[in-house]
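Coordinates in review
So the chains spell out like this:
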Amino acid sequence: MKSKFLALLLLSSCLVLPASAQVAQSIDDNNSETAVAVSTPVDQPGANEAGSDMDALVQKVKIITRTKQVTELPENEPVALDLGLVNVPGVSKNLTEGVTANAYARFVSVDDMKIGQLVLSSVEKNSRVEALNSDNFVAQFDIEQPSLDPSLPISVEGNQAELKAALERLASLQEEEVKEEKEEEIADSGVGASSGGVGSNAGSNPDASGYSTPSTLDVGKEAIISSNITTEGCEIRVDLDQLQAIQQTRVVTTTDGTPEYGECADGSERFKINQSYAVCSYDENTETMKATAQFIYYYTDGGGNREEIGDCQPNAEKIYDIVEDRNACNVYLDYVNLQAVPQGKLVYTNHNGKVVPVADCAASIEVEPVPLVETTEGCDIRDDFLANKSFGRSKYIYTLDGQDWDTSCQDNDEEYPHSTIYKTANGDQVCEPIINRESGKVTLQSRVMINVNGFELYRTPCTPDTSAKDIQSTTAGCEDPSKWNHNISASQSIGQERFYYLLDGKQEPVTECQDNGVIYQHQQELTGWQPHDAQLFAYRLVTVYIEGVPTPTGRYNVLTSQVLPGDPQIPYTYVGTGPAVNGETFYEGCTRFDERDEVETYRRPDESLHKVVIGEAEPLSLGNKCTVDIKWASGSTSRWKYPDNGSTSYAPCGKSSVNYNYSYPGQGSDQHTQNRSGTKTSPNHCAWRDSEATKTVIREDGQQVGGTATNTCKVANTLPSYQGVYNPPIRKGSGMVQGYYPVYQDTYPSYPTVTQSAKDNCAGSWGWM
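This one's a predicted model, so the numbers in the text were calculated from it and none came from an experiment.

Moving on, we get to the nonpolar core. Formed by 29 residues in total, the largest nonpolar core has its most connected members in Ile-63, Leu-118, Leu-120, Val-123, Val-156, Leu-163 and Leu-167. When contributions to this core are tallied by element, the ones reaching two or more residues are β3 (60-67), β5 (79-87), β6 (100-110), β7 (113-125), β9 (137-143), β11 (154-159) and α4 (160-189). When residues no more than four places from it in sequence are discounted, the contact partners of Leu-163 are Ile-63, Val-88, Val-123, Leu-132 and Phe-137. Counting residues in each nonpolar core, the second largest holds 15 residues, with Tyr-282, Ala-291, Tyr-297 and Tyr-348 among its members.

Before going further, it helps to spend a moment on the pattern of salt bridges. All told, the structure shown has 25 salt bridges when counted by the stated rule. Between Arg-326 and Asp-401 there is a salt bridge, with the nearest N and O atoms lying 3.3 Å from each other. You can see Arg-326 sitting in the loop between β20 (323-325) and β21 (332-334) and its partner Asp-401 sitting in the loop between β29 (389-400) and β30 (403-406), a full 75 residues away along the chain. Take Arg-326: its relative accessible area is 25%, and that puts it in the partly exposed class. Judged by relative accessible area, Asp-401 falls into the exposed class, the value being 59%.

Take the pairing of β11 next. As defined by bridge partners, β3 adjoins β11 across 6 bridges and the pair is classed as antiparallel. Bridged to Lys-60 within β11 is Asn-159. Bridge analysis of β9 against β11 gives 2 bridges, and the strand direction is antiparallel. What sits directly across from Val-138, in β11, is Glu-157.

Attention shifts here to the confidence of the model for the protein. Averaged over all residues, the pLDDT of the protein equals 82, while 81% of them reach at least 70. Between the elements of the protein, mean pLDDT differs from a low of 30, seen in strand β2 (residues 32-38), to a high of 96, seen in strand β44 (residues 537-547). Within the model, the stretch residues 16-56 combines pLDDT values under 50 with 68 contacts to residues more than four positions away or in other chains. A low-confidence stretch, residues 189-219 (pLDDT under 50), is modelled with 17 contacts involving residues beyond four sequence positions or located in other chains.

Now for the sheet that holds strand β48 (residues 591-603). In spatial order, the strands read β47-β48-β49; together these 3 strands make up an open sheet with antiparallel pairing. Either end of the sheet is taken by a strand with one partner, and the two such strands are β47 (573-588) and β49 (609-624). Adjacent strand axes in the sheet meet at a mean angle of 20 degrees when their direction is disregarded. Examined bridge by bridge, β48 and β49 share 11 bridges and lie antiparallel to one another.

Strand order in the open sheet made by the 3 strands is β50-β53-β54, with antiparallel pairing throughout. Edge positions in the open sheet fall to β50 (626-640) and β54 (704-719), since each of these has one partner strand only. Shown here is a sheet whose adjacent strand axes are inclined to one another by a mean of 15 degrees, direction ignored. Here strand β53 (residues 685-699) pairs with β54 via 13 bridges, running antiparallel. Residue pairing in the sheet places Ala-687 in a bridge with Asn-717 of β54.

Now for the state of the cysteines. Considering all chains together, one arrives at 9 disulfides under this definition. With a sulfur-sulfur separation of 1.9 Å, Cys-329 is cross-linked through a disulfide to Cys-361. Because the torsion about its S-S bond is -85 degrees, the bridge between Cys-329 and Cys-361 counts as left-handed. Taken as a pair, Cys-329 in the loop between β20 and β21 and Cys-361 in the loop between β24 (355-357) and β25 (362-363) lie far apart in primary sequence, 32 residues in all.

What follows concerns the packing of aromatic side chains. Under the criterion given, the structure shown has 13 aromatic pairs. Aromatic side chains Tyr-277 and Phe-295 sit 5.8 Å apart centroid to centroid with 55 degrees between the ring planes, which places their arrangement in the tilted category. One end of the pair, Tyr-277, is in the loop between β16 (265-276) and β17 (283-285); the other, Phe-295, is in strand β18 (residues 290-300), and 18 residues separate them in sequence. Both residues of the pair, Tyr-277 and Phe-295, belong to the buried class. Feature note: the residues Tyr-277, Phe-295 and Tyr-297 constitute an aromatic cluster, connected by ring pairs. The ring centre of Tyr-545 lies 3.8 Å from the NZ or CZ of Arg-555, which sits over that ring.

Here is what the cut-offs are and how they apply
Residues numbered from 1 in each chain as written. Predicted model: local features only at pLDDT ≥ 70, side-chain atom pairs only at ≥ 80, totals over all residues. Heavy atoms only, no water. Core = buried A, V, L, I, M, F, W, Y, C linked by side-chain atoms within 4.5 Å. Buried < 20%, exposed > 50% of the residue type's maximum accessible area, 1.4 Å probe, protein only. Helix = DSSP H or I, 4+ residues; strand = E, 2+ residues; numbered from the N terminus. Contact = heavy atoms within 4.5 Å. Salt bridge = Lys/Arg side-chain N within 4 Å of Asp/Glu carboxyl O. Pairing = 2+ DSSP bridges. pLDDT = per-residue confidence, 0-100. Axes fitted to C-alpha atoms, helices over the stretch in contact; angles between N-to-C directions. Disulfide = S-S within 2.5 Å. Phe/Tyr/Trp six-rings, centres within 6.5 Å; stacked < 30°, edge-to-face > 60°. Lys NZ or Arg CZ within 6 Å of the ring centre and 35° of its normal.

Structure representation (structure tokens):
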């Protein structure tokens, strides 16, 4: 029961708009125009207030209909179809015979059920249409397959009185047409003509039965009157209830070249009104932490031009939370207050799924600052043997989100003087002496030591004391810098030497190669950068080298193109923020938009640029990208010649006059010359040629925008029925008639050519150009 009730709500709220389009057609001699009138939906204010008291008096009956062919039903969007009227209770079969019921139908899915929905919009017979209020003719039924079968009847609950009145009006219009056709047949057959056998005008003009021709009548040229329907001077009416923009038209009547315009009214050409978010910005409220999407109504007219309606307005169904994004910002290190301050950026995700920033990086509103803690862990002591000192080094660490972070090591305020010692405090020798039993000499050894918070730390290995013995040192054999000790943290390398003594002119080693205390300061050469675009910083890639060493080039690379431990992060330089196209394109009607991202541009230390998409920028409108394509097809030809077509008064191409003046001798007793003069007025002979035009609006990507329109351009050519002819004279009785006298031309005019100028004039009058 719940599902049925939901489906009924869908039927009343969704199907009523497209299915309410009632079509009526009016036809005149030269033009046909289709006008659409849309009934007010039942759920709109004021729609049923006047008739609310009458609802109880409306008699609803079961109207049995049947589709004329198998029809596939779409889901949600209604489709037009024609039905036959099988049985209408209380209505004669004579009224329903040959009548087509125009309807709209679809199906909706509710709780895994398919429910068919149908409304009647009008009834039609012989191109005559009578509109129905679709709110009063509704059907709803369960279906297994989304289609209608002609073999299965469809029961529509409807207003009997309204349908019967519409059918009676159709029958009345049909009877009037039959009566008019019979009158025309009587006129063409000559009924009512005089007994003399000469055709009269009585058949086409009943008032002519008592008419007698005056003896002498000077008939002037009749006015030439034509009518047409034009959009000139008429605006497009916006109907937001139906989401349609309706091109209004009016009738222009031209009399002898002077136009007279009627009132503008809704025409058949309509343009769908859509919503566009492309040109409207979000309403960002940092107090409520909500971002609301805004849109503007627009439509695309027949020429492919985009027309916007009103101003941007919020969409209450597209509201998104503003949140803090801490991943987009670095942690600010405050060395004054010894705090690590987390930073965040306010952002939201819009209706297109793109993240849009609201404010720049600032102190986080969600996470409190954490303390910076100084530590020497991981930082080596730096030695300066020339100054006979060593220096303490330390760094800062902080813990954020359960992860430890640290800074690079730097010299602190602690200094440690060097001491050369041979014995410990207990009197023990620091190093074993070198005893050369062959030479009988003893060489003592010492080490350099510092005292760090009560702990004795040696800074050099055991070094023989050369001043006491004939022990010599040399760097020979210790020249290879790759075997030296390189202290990256202290930015220095220490050369090596070995000790020996000479025996019989030969060096006898005392020690292996060891540090000799010669300091080679590290030099750095920038070789590139290691970018970290996500964090907006880069590390230097440096080659650490020393110079003045025994190598072929005098230089040795300690490290090659590496990031040094503790090297500072070099931040990117902020350049600016602005839109940039991203290669995506979309269309709204005929208007092309190039999508753009809002981009923050940063300059890396190597001068290259890094762009960060921070949100969605307003698309770049490139304007109308449609062209109107009009194709012309060869049409039919027709012609009319007076008086072969029967009527002597009908002149579809106007009339022409010829003056005549002739004389002939008198007859019988009257021997005076008889003179005759006057004006002969008669309809022109006519020839027509039609050319059918088809208009489409084509976008630059080849897509057709809107529907296809057709119209017919009709061009006429005329030829006078009579002309004044001079001599040779003709014989009349015993005399010769001389002068100008009218002679009938039994010749059709040639068919005209539908020139490009004529086509342009027609297309302009239809509003296509």
